[in-house]
Amino acid sequence: MNHASIAVLAAFGLLASLPAVAADADLKALREEIAQMKKSYEQRIDALEKRLVDTEKQAIAVRSTAETAASQAQAAQATSMASRQPAAANAFNPEISVILSGMYNNTSQDPRHDPTGVAGRERRIQGLLPSGGEFNPEARAWNLGESELSISANIDPHFRGTFTAAISPANEIGVEEAYIQTLGLDNGIGIKAGRFFSGIGYVNEQHAHTWDFSDASLPYQAFFGPQLGYDGVQLKWVAPTELFLELGAEFGRALSFPANDGERNKNGLLSGSVFAHVGGDIGVANSWRAGASYFATKPHHRTYDDVDGSNTLVTNSFSGKSNTTVLDFVWKWAPEGNATERNFKFQSEWFRRHESGDLTYDVDGVGAPGGPLTDGFRSTQTGFYAQGVWQFMPAWRLGYRYDQLASADASVGLIDRGTLAAADLPILRDYTPKRSTAMVDWSPSEFSRIRLQYARDQTRPGVTDDQVWVHYIMSLGAHGAHKF
Amino acid sequence: MKRLLLVLFALAAMPAAAALKVFATVPEWGALAREIGGDQVQVFTATTALQDAHHVDARPSLIARARSADLLIATGAELEIGWLPVVQRESGNPRIQSGQPGYFAAAAAVRLLDVPARLDRADGDVHAAGNPHIQTDPRNFLAVGEGLAARMAQLDPANAAAYRSGHAAFAERWRSQIKRWEAQAAPLKGVAVVSQHKAWPYLYDWLGMREVAALEPKPGVEPSLAHLALVRDQAVTSRPRMVIRAAYNSARPAEWFAKEAKVPAVVLPFTVGAPEAADLTALFETTVQRLLEGL
């Protein structure tokens, strides 16, 4: 190490020590100040500790008084609200409920296959383009129904969220509903967004477990296969009148027949519906609601499977406009409006669908006449159901439902112009599907129901299917509030 | 169509009428609101005394009324859980949502009895917060009335003085009536009774009566023959003096038990609007009278 570096180091050392020497007096003052602060804080902490101990003593005293009081109250066979649940983070847990359902089915015909068609062709209603929806019963003998998990809560003062997942017996999980809705908008306005059941008709918005029969009515199966849902937005407005008047509009990706928005790749509103509901009371014993709804969509290459004249399985498709009108009415009666003992409910809905566009036969080109062949298609289809449910004593109800679809008023260009024979599009052959259903159910509490149902099903030509259900539907978890 | 829309929007934009619009879920709170508010309030009551407020439909008429309400008075404690949440959500009225000043839960103002030690639906229709039938003890109307008057004054500050004086007048009259009823009901102290539904803990607490059994095996579960027979057999030792049911309850179980155990069946009004209970005063006059007749 050379001298220069030693000198530099010494210089640095001197420099470094210089301010320390200069600030020595300041430091002493600072130390004294800190010591004083420490002392004063220690005093304060002591005071606080003492107060804490005092408070704890008081709390213990209060608690013991409360405990004495509580035990006294218990002695008097009364419990007070003193023991409120602690407000832990899990106090914000949402309302969770699970629907369990299962059934035993006995059917005189194979429910999966169509006895009137080719082996392998699925069972469907004759006389109209198939909706492709699920039909109960899915299979004979023992079946698990859909298990439903529902979670909902207020998100904040402005929004509420609801999530409902359905787990099918085939172990598939589907999002049945997942929507947010507004709580804070004024003037009767409410907005829903996400995946939700459409507000059209009366039953459409109801979950399957609240239905009065174990399966959807024929028009719902045929027109919406069997329930119309949206991925979209719904706007509703309640009028400020004593008579209930509600107007609504929805837009979005319609999730079921007659739409096929799921496969569409375009911007815009896709499908839409509008509806109006009116309702009120007549005296204390009667209440009613009536509605009119309209649904419009433009299906594009909506396919369905059928067989042609030589019994070859082919895939056909429809593109065009599809408009559905629904009129609904429900009336409830209970003596003095007290439904616990006896009550009666009547409901009926009427459907009309008009479709116009092009029908393409055999899109894959595998059929005997050799497809694909396209020509114009127009069809007007109507259907209705009416049902009554009578609770004749507490827990016991009897119900009867009649449903029917009219034979479609259709003009099929491919057949009318002689391109194809009627036998090449057999599902469109005229037919009037109808069904009668009777049920009796027992609900020992609000949360459980066991139902026996019998249906005489004539939805396929020349076949009468006698169907018997034994069905349980139970819910556990949060106490749900049901719509009218 | 355009004209219709204009009319509808004009209706929507109309300033709220002078009166405070009250939506009461059950008749007793409607009656209390009238006592406090007088002409300042316009009261709609969703249910009658002959209905079970636990089993009501979210009727369209209720949604229409809730749409324009300024104040929703509910009992709370899960009494209206099966229908009120739907009415609130469907009304499109932010003022009456739970947590807002326009939502008043009467049960929050009083000490609840029968708070279950465990929550299990196997125990029937139990309410986590406690028994919601608080209106059978007149003393509860003082606590609820105080909170309600303050809430009405908060929502309608222009008439705050009227609500305060309305409540003061009611409370004074009510206190003297309670004293009178308590004096009349002195013979009921310690009397053993059987209830059809566990709807009366507050009444028994007030008058010092003892419930020795209920005809419903579990709250909200219809009485079965087996259970009725059990209660009858127990009555030999517990010696109830009467069996009590509400006007809206089915008559059969209480009448069967009355015949079997040879005790009178007493029908109490339960709430305002039942026979001989036109208002709050008549409700307790009749209640005390019927109980005394049952001795």
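Residues numbered from 1 in each chain as written. Chains lettered and ligands numbered in written order. Predicted model: local features only at pLDDT ≥ 70, side-chain atom pairs only at ≥ 80, totals over all residues.

(A) The arrangement of the interface of chain B and chain A in detail. Contacts between the two partners involve 42 residues from chain B, matched on the other side by 44 residues from chain A. Going through the elements one at a time, α1 (2-13), α3 (60-67) and α4 (84-90) of chain B are the ones with two or more residues in the side of chain B that touches chain A. A per-element tally of the side of chain B that touches chain A places α3 of chain B first, with 6 residues. Of the residues assigned to the side of chain B that touches chain A, the class counts are 18 nonpolar, 13 polar and 11 charged. (Contact = placed C-beta atoms within 7 Å. Helix = DSSP H or I, 4+ residues; strand = E, 2+ residues; numbered from the N terminus. Nonpolar A, V, L, I, M, F, W, Y, C, P; charged D, E, K, R; others polar.)

(B) Region of interest: α3 of chain B. Burial analysis of α3 of chain B places 8 of its 8 residues in the buried class, which makes it a mostly covered element. Inspection of α3 of chain B places P60, S61, L62, I63, A64, R65, A66 and R67 of chain B among the buried residues, and these make up the whole buried set. (Buried ≥ 20, exposed ≤ 12 C-beta atoms within 10 Å, placed from the backbone.)

(C) Structural detail: the domain arrangement of chain B. All names here are of chain B. Domain boundaries assigned for chain B yield domain 1 (13-178) and domain 2 (187-294). The distance between the C-alpha centroids of domain 1 and domain 2 comes to 25 Å. Each partner contributes residues to the interface: domain 1 has 28 residues there, and domain 2 has 25 residues. Contributions of two or more residues to the side of domain 1 that touches domain 2 are made by α2 (27-37) and α5 (139-155). For the side of domain 1 that touches domain 2, the class distribution of residues is 11 nonpolar, 9 polar and 8 charged. (Domains from an automatic or database assignment.)

(D) Spotlight on the sheet that holds strand β1 (residues 20-24) of chain B. Residues and elements named next belong to chain B. Overall, parallel pairing links the 4 strands, which are arranged β2-β1-β3-β4 in an open sheet. The open sheet terminates on both sides in strands that have one partner only, identified here as β2 (41-45) and β4 (103-105). Between one strand and the next, the sheet's axes are offset by a mean angle of 20°, whatever the strand orientation. Where strand β3 (residues 71-74) lies against β4, 3 bridges are found, and the strand directions are parallel. Across the sheet, residue I73 finds its bridge partner in β4, namely F104. (Pairing = 2+ DSSP bridges. Axes fitted to C-alpha atoms, helices over the stretch in contact; angles between N-to-C directions.)

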